[in-house]
Amino acid sequence: MGTHPRGDAVILDNRIPQKTLGQWIADNPGCLGSKVKETFQGQLPFLFKVLSVNTALSIQAHPNKELAGKLHAQFPEHYPDANHKPEMAIALTPFQGMCGFRPVEEIVAFLQEVPEFRALIGNVAAEQLERSVCNDPRGVSAALRVCFTRMMKSEKKVFVDQLNMLVKRISQEVAAGKDTSGSSGKLLLQLHSQFPGDIGCFAIYFLNLVMLQPGESMFLGANEPHAYLYGDCIECMACSDNTVRAGLTPKFIDVLTLCEMLNYTPAPSSSKIFAPTQSRLDPCVYLYDPPVPDFTVIKIEIPSSIKLYLISAIDSASILLVIQGTAVGTSTAAISEMTLRRGSVLFISANESVSLHLSSLDGMLLFRACCLL
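Where an unreviewed UniProt entry is consulted, the chain appears under the name Mannose-6-phosphate isomerase, with the organism given as Chelonoidis abingdonii. Recorded in UniProt under Sequence similarities (unreviewed entry), the annotation for the chain is "Belongs to the mannose-6-phosphate isomerase type 1 family." According to its UniProt record, the chain has this under Function (unreviewed entry): "Isomerase that catalyzes the interconversion of fructose-6-P and mannose-6-P and has a critical role in the supply of D-mannose derivatives required for many eukaryotic glycosylation reactions."

Right, dumping it as structure tokens:
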């Protein structure tokens, strides 16, 4: 849902002459709101998505603006635009993802517990990381970069052999009823069944495993390695399709760019979970406001006791998505009233409000993407 050239949203109402949202905004740029229009050169600055992840999505990172410009100029077939792509995932169901480098102590424990992982990294790099634990943060990041790069640049035959040995050993331990949590056995077998022989299976020993409950979110800044493993989520991001992949994918993997660009700062998985703040003005509203200007997501949770609710006007174009509940929406800016149900999507111009007449017995859950400068 957005105006990216690779997926410009289609307007359902055939009374409107423009066929896509991008065309409509180009003809009505005032709809963005004055600050948004000026800051983002007349473009809608965000993309809004719903993801339902059954098979893991690739381990990837997104470049910052400077790197995105260079990559787009050099390799436009792989990097389709010059924008950065910070993003935020908000869980709709229990959600499993990987995000950022684990605390070094955890990686070192895996190097000692999983001989196949250590063999892939090599003793010299592994010992360097083990010694770095008591170092200053720069020493840790440097040692981590060496270890991760060794893994990513290992020869295909070498890592496939080690991975097959590891999967065989873990499978035998599971069959014997042993506890394999010290080698993340369950996750390893899950990913290997989806992407056999893929280097991404070893990345689980470097990256945090993050479990989100519905309503919890994680924010992914530039150069942050991550992967979505399982579950349903709402995703909002800057308007870009630039992705540098590392594994769990049949697509193009840009190992050199990836190893150079990543943020090698370890942090616990709990630091990746991003909590919303409840609005002081409206108890139905929760704000997910990440540390970037391109987007904010508003969760609107309307209890069953409320039958009339006003989606308030803001100084930004926004996209509203209905997750549950039904209502009839009216607005002075709309040609006619709108029937809203699960899956309905509305584009709301800046400084326009929408009145909801709720008809469902169990209230409503909506998410609204916007740009609050």
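### Considerations on the packing of helix 6 (residues 123-132) against helix 7 (residues 137-152)
Here helix 6 crosses helix 7 at 155 degrees, and the two axes come no closer than 9 Å. Classed by the angle they form, the pair helix 6 and helix 7 counts as roughly antiparallel. Our pair here, helix 6 against helix 7, has a crossing hand that is left-handed. Of the residues in helix 7, those in contact with Ala125, Ala126, Gln128, Leu129 and Ser132 of helix 6 are Gly139, Val140, Ala143, Leu144, Val146, Cys147 and Arg150.

### A look at the UniProt feature "active site" (unreviewed entry) in the chain
Mapped onto the present numbering, the UniProt feature "active site" (unreviewed entry) falls on Arg245. Mapped onto the elements of the fold, Arg245 is located in strand 8 (residues 244-247). Those residues in contact with Arg245, other than ones at most four positions away along the chain, are Ser58, Ile59, Gln60, Lys251, Phe252, Ile253, Asp254 and Leu258.

### Describing the pairing of strand 13 (residues 308-311)
Across the two faces of strand 13 the burial differs, with Tyr309 and Ile311 buried and Leu308 and Leu310 not buried at all. With 4 bridges joining them, strand 13 and strand 18 (residues 354-358) adopt antiparallel strand pairing. When the sheet's bridge partners are listed, Leu310 is paired in strand 18 with Ser355.

### With respect to the packing of aromatic side chains
Within the structure shown, the criterion is met by 12 aromatic pairs. Ring plane angle 40 degrees and centroid distance 5.1 Å describe the contact between Phe117 and Tyr205, whose orientation is recorded as tilted. With Phe117 in helix 5 (residues 115-121) and Tyr205 in the loop between helix 10 (200-203) and strand 5 (207-212), this pair connects stretches of sequence that are 88 residues apart. Judged by relative accessible area, which is 0%, Phe117 ranks as buried. The class for Tyr205 is buried, based on a relative accessible area of 0%. Feature note: the residues Phe101, Phe110, Phe117, Phe148, Phe202, Tyr205, Phe206 and Tyr264 constitute an aromatic cluster, connected by ring pairs. Cation over ring: Lys299 sits above Tyr286, and NZ or CZ is 5.1 Å from the ring centre.

The rules behind these values
Residues numbered from 1 in each chain as written. Predicted model: local features only at pLDDT ≥ 70, side-chain atom pairs only at ≥ 80, totals over all residues. Heavy atoms only, no water. UniProt positions renumbered as here; feature names shortened; annotations may be inferred. Axes fitted to C-alpha atoms, helices over the stretch in contact; angles between N-to-C directions. Helix = DSSP H or I, 4+ residues; strand = E, 2+ residues; numbered from the N terminus. Parallel < 35°, antiparallel > 145°, perpendicular 65-115°, else oblique. Left-handed = near helix turned anticlockwise from the far one by under 90°. Contact = heavy atoms within 4.5 Å. Buried < 20%, exposed > 50% of the residue type's maximum accessible area, 1.4 Å probe, protein only. Pairing = 2+ DSSP bridges. Phe/Tyr/Trp six-rings, centres within 6.5 Å; stacked < 30°, edge-to-face > 60°. Lys NZ or Arg CZ within 6 Å of the ring centre and 35° of its normal.

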